[in-house]
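Per-entry structural report
What follows is each chain in one-letter form.
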Amino acid sequence: MIDESRVEAGALRATGVPAEQVLEEVRTLRAGDAPTHGGRLFAYVYDPAVPGLDELAAAAHRESAHVNGLDPTAFPSLLAMENALVGAAGRVLGAGPGTTAPDVVGSVTSGGTESLILAVKTARDAHPEITEPRIVVPSSAHAAFAKAAHYLRVALDVVPVSPETLRADPAAMAAAIRPETVLVACSAPSYAHGVVDPVTRIAAAAADAGVRCHVDACFGGWTLPYLRRLGEPVPPFDFAVPGVTSISVDLHKYAYAPKGVSVLLHRDAALRAPQYFAYADWPGYTMINPVIASTRSGGPIAAAYATVRHLGDEGYLRLSAITRDAVAGLADAVRAVDGLRLMAEPESTVVCFTATDDGPDLFVLVDELTARGWHTQPQLSYDGLPASVHLTVTAAVAPRVAEFGPDLTAAVAAARAAGPVRLPAELAALVGALTPEALTPDLVVGLAAGLGLGGGEGSDAGPLPERMALVNTLLDAAPSAMRERLLMEFVSLLQRPRWTPS
Ligand SMILES: Cc1ncc(COP(=O)(O)O)c(C=O)c1O
């Protein structure tokens, strides 16, 4: 029976928990996470390893956490910081006074996905006469474009990348443009392989067709200009390229700001206009939102402002040099190991490698690297491209590079000795035979248990097994619709309310 006199469940206790105890709980929970600092996690986090930077960002976040971006007239501090961040991003990306893009404007969003959804929405809403709008993207474009297309009911025309260069194929992209196309997009660089698409040719083709062209520079857009200044052969990709109408760049990636900040830039205010949503047809305040969220915390924006101001141009140049050297060191380590090959020569901040035909099982290798304290990101095989291992490299990796080579060699030897993971026959048969539609909740629970996924309330096990090779092998064997469905079901199993008070 529920005791109606007390409301308790999960985080809510009948009597409040003392502050220090709560913080201890958070620290204990955090101890189970992948390490955000220390240069051994090659995805999700961007660590410059600059002493005091975290503290500065946290202090700035604290100053503005309760400020609401909903109304810039009530909180001009936030408007000033946003405009300053947009100016900084514009300048890094070839815009501003004295450039060929003097009228660039922009908005601060919560992240790359929001920036891309808004870029697609803006392009779509610029053409209300097109009833079935479409966008053209290379197959290497970030999944957020597919999400945008899905949310906004825009058709997604995916053009395969060149299997040799892993870059978008400009001729094929041009050929994919139709009368209903509202946006052509490309990446600088792509997340999976870290290569820069041929933006000049793609933007020219889009301009010829009278279509907008978005450059997704969310990932490495803040670093590429600095790499160029350091002498690296970075191809043109920013507002200096005619035909580029919008660019996104995430400050929570290589601008090294804490999570929750990206910038979406448009070449001019007219191009940005359809991004806004305004609504006065209700009894409350007239809502005018430049971005998806309405209430927005000032915390992430203030933290990003503090980070960008503190690091400065010189700081970013220095961090880019450190990162470039770390990338070179990691790529050399991969080249030195028999059985591995780079997917592409690094041209930004990514090292991506795969196994040769006589090489180790890549998913076993990933587990062996994890066992040695290196958290890499496995990427499944896709459209003729082999499975690969992705390393996002940040400045914090530099001091670790010398340790990586010997550990990689040892991990490859261990993976070779262990041999490839073999899917149990019944699992292989199940995945081969199942369609997403045939996947019942019971089957998913059985599959998750068989793979050691889940944890769940009352269980001491984490959400993932220590070794992931079996899970990755199973997913790799499945077609993408099945991968999506399986992972959706697994994540949904993890997302369950906790009813017992902690
Ligand atoms: C190229 C690119 N675009 C967009 C995104 C999406 O960014 P977010 O995860 O901040 O939504 C990412 C994230 O890695 C990315 O690499």
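Quick summary incoming for the structure in this document. (Residues numbered from 1 in each chain as written. Predicted model: local features only at pLDDT ≥ 70, side-chain atom pairs only at ≥ 80, totals over all residues. Heavy atoms only, no water.)

Moving on: the overall build of the chain. From N to C terminus, the chain includes 16 helices and 13 strands. Against the globule reference of 23 Å for 502 residues, the chain gives a C-alpha radius of gyration of 24 Å, in line with a compact fold. Dimensions of the chain along its principal axes, counting C-alpha atoms only, are 65 × 60 × 50 Å. Per-residue burial over the chain gives 48% buried out of 502 residues. The long-range fraction of contacts in the chain, counting pairs at least 24 apart against all pairs at least 6 apart in sequence, stands at 72%. When the accessible surface of the chain is totalled, it reaches about 23500 Å², and 58% of it is carbon and sulfur. Here the chain carries 37 positive and 54 negative side-chain charges, and the mean point of each set is 3 Å from the other. (Helix = DSSP H or I, 4+ residues; strand = E, 2+ residues; numbered from the N terminus. Rg over C-alpha atoms; globule rule 2.2 N^0.38 Å. Buried < 20%, exposed > 50% of the residue type's maximum accessible area, 1.4 Å probe, protein only. Contact = heavy atoms within 4.5 Å. Areas by Shrake-Rupley, 256 points an atom, 1.4 Å probe, with all protein chains shown as cover. Lys, Arg positive; Asp, Glu negative; His and termini not counted. Charge placed at Lys NZ, Arg CZ, Asp CG, Glu CD.)

The seven strands lie next to each other as β1-β7-β6-β5-β4-β2-β3, forming an open sheet whose pairing is mixed. Of all the strands in the sheet, the pair left with one neighbour each is β1 (105–109) and β3 (155–159). Put simply, the sheet's adjacent strands are angled 20° from each other on average, direction ignored. Bridge count between strand β6 (residues 246–250) and strand β7 (residues 262–266): five bridges; the pairing is antiparallel. (Pairing = 2+ DSSP bridges. Axes fitted to C-alpha atoms, helices over the stretch in contact; angles between N-to-C directions.)

Our focus in this paragraph is the pairing of strand β13 (residues 388–392). Burial of β13 is extensive: five of the five residues sit out of reach of the surface. Covered by surrounding structure in β13 are Ser388, His390 and Thr392 together with Val389 and Leu391, the residues of both alternating faces. The pairing of strand β11 (residues 350–355) with β13 spans four bridges and is classified as antiparallel. Counted as the bridge partner of Phe353 is Val389 from β13. Inspection of the sheet shows strand β12 (residues 377–379) paired to β13 by three bridges, in the antiparallel sense. Paired with Gln377 across the strands is His390, a residue of β13.

Moving on: the layout of surface pockets. By volume, the second largest pocket is sized at about 380 Å³. In terms of lining residues, the second largest pocket is bounded by 19 residues, among which His37, Tyr46, Asp54, Ala257 and Pro258 are the most central. Those elements that place two or more of their residues in the lining of the second largest pocket are α2 (53–64) and α10 (299–335). A total of five residues in the lining of the second largest pocket trace back to one element, the largest contributor, which is α2. Each residue belonging to the lining of the second largest pocket can be placed in one class, and the counts come to ten nonpolar, five polar and four charged. (1 Å grid on protein atoms, 1.4 Å probe; cavity = no way out; pocket = protein on both sides within 12 Å on 5 of 7 lines; lining within 4 Å. Points joined across faces, edges and corners; volume = space filled by probe spheres on them. Nonpolar A, V, L, I, M, F, W, Y, C, P; charged D, E, K, R; others polar.)

Following Ala188, the chain continues to Pro189 via a peptide bond in cis, the omega torsion being -10°. Position of Pro189 relative to the elements: it lies in the loop between β4 (181–187) and α7 (199–208). Despite not being glycine, Arg153 shows a phi value in the positive range, around 55°. Within the element layout of this structure, Arg153 appears in the loop between α5 (143–152) and β3. Since its relative accessible area comes to 77%, Arg153 is described here as exposed. Notably, Leu166 is not glycine yet its phi reads approximately 65°, a positive angle. Classification of Leu166 as buried rests on a relative accessible area of 2%.

In the structure shown here, the tally under the stated rule is twelve aromatic pairs. Ring geometry for Tyr46 versus Phe219: centroids 6.4 Å apart, planes at 70°, classification edge-to-face. Of this pair, Tyr46 sits in the loop between α1 (19–30) and α2 while Phe219 is found in the loop between β5 (212–216) and α8 (224–229), placing the two residues 173 residues apart along the sequence. Centroid distance Trp282 to Tyr285: 5.4 Å. Interplanar angle 75°. Geometry classified as edge-to-face. Note on Trp282: relative accessible area 40%, which makes it partly exposed. (Phe/Tyr/Trp six-rings, centres within 6.5 Å; stacked < 30°, edge-to-face > 60°.)

For the rest of this paragraph, the subject is the site of the ligand. Taken together, Gly111, Gly112, Thr113, Leu116, His142, Tyr191, Asp216, Cys218, Phe219, Asp250, His252 and Lys253 are the residues near the ligand. Here an oxygen atom of the ligand sits 2.9 Å away from a polar atom, N or O, in the side chain of Lys253. Bound to the protein, the ligand loses 84% of the 390 Å² it would expose on its own. The leading source of residues in the shell around the ligand is helix α4 (residues 112–125), at three residues. Broken down by class, the residue content of the shell around the ligand amounts to four nonpolar, five polar and three charged. (Near = heavy atom within 4 Å. Polar contact = N/O pair within 3.5 Å; in protein donor to acceptor, adjacent residues only side chain to side chain.)

The next point concerns the packing of α2 against α10. For the pair α2 and α10, the least separation of the axes is 7 Å and the interaxial angle reads 140°. With respect to each other, α2 and α10 are oriented oblique. Relative to α10, α2 is oriented so that their crossing is right-handed. Within the contact between the two elements, α2 uses Leu53, Leu56, Ala57, Ala60, His61 and Ser64 and α10 uses Gly299, Pro300, Ala302, Ala303, Ala306, Thr307, His310 and Leu311. Residues belonging to the contact of α2 with α10 are distributed by class as follows: nine nonpolar, five polar and no charged. (Parallel < 35°, antiparallel > 145°, perpendicular 65-115°, else oblique. Left-handed = near helix turned anticlockwise from the far one by under 90°.)

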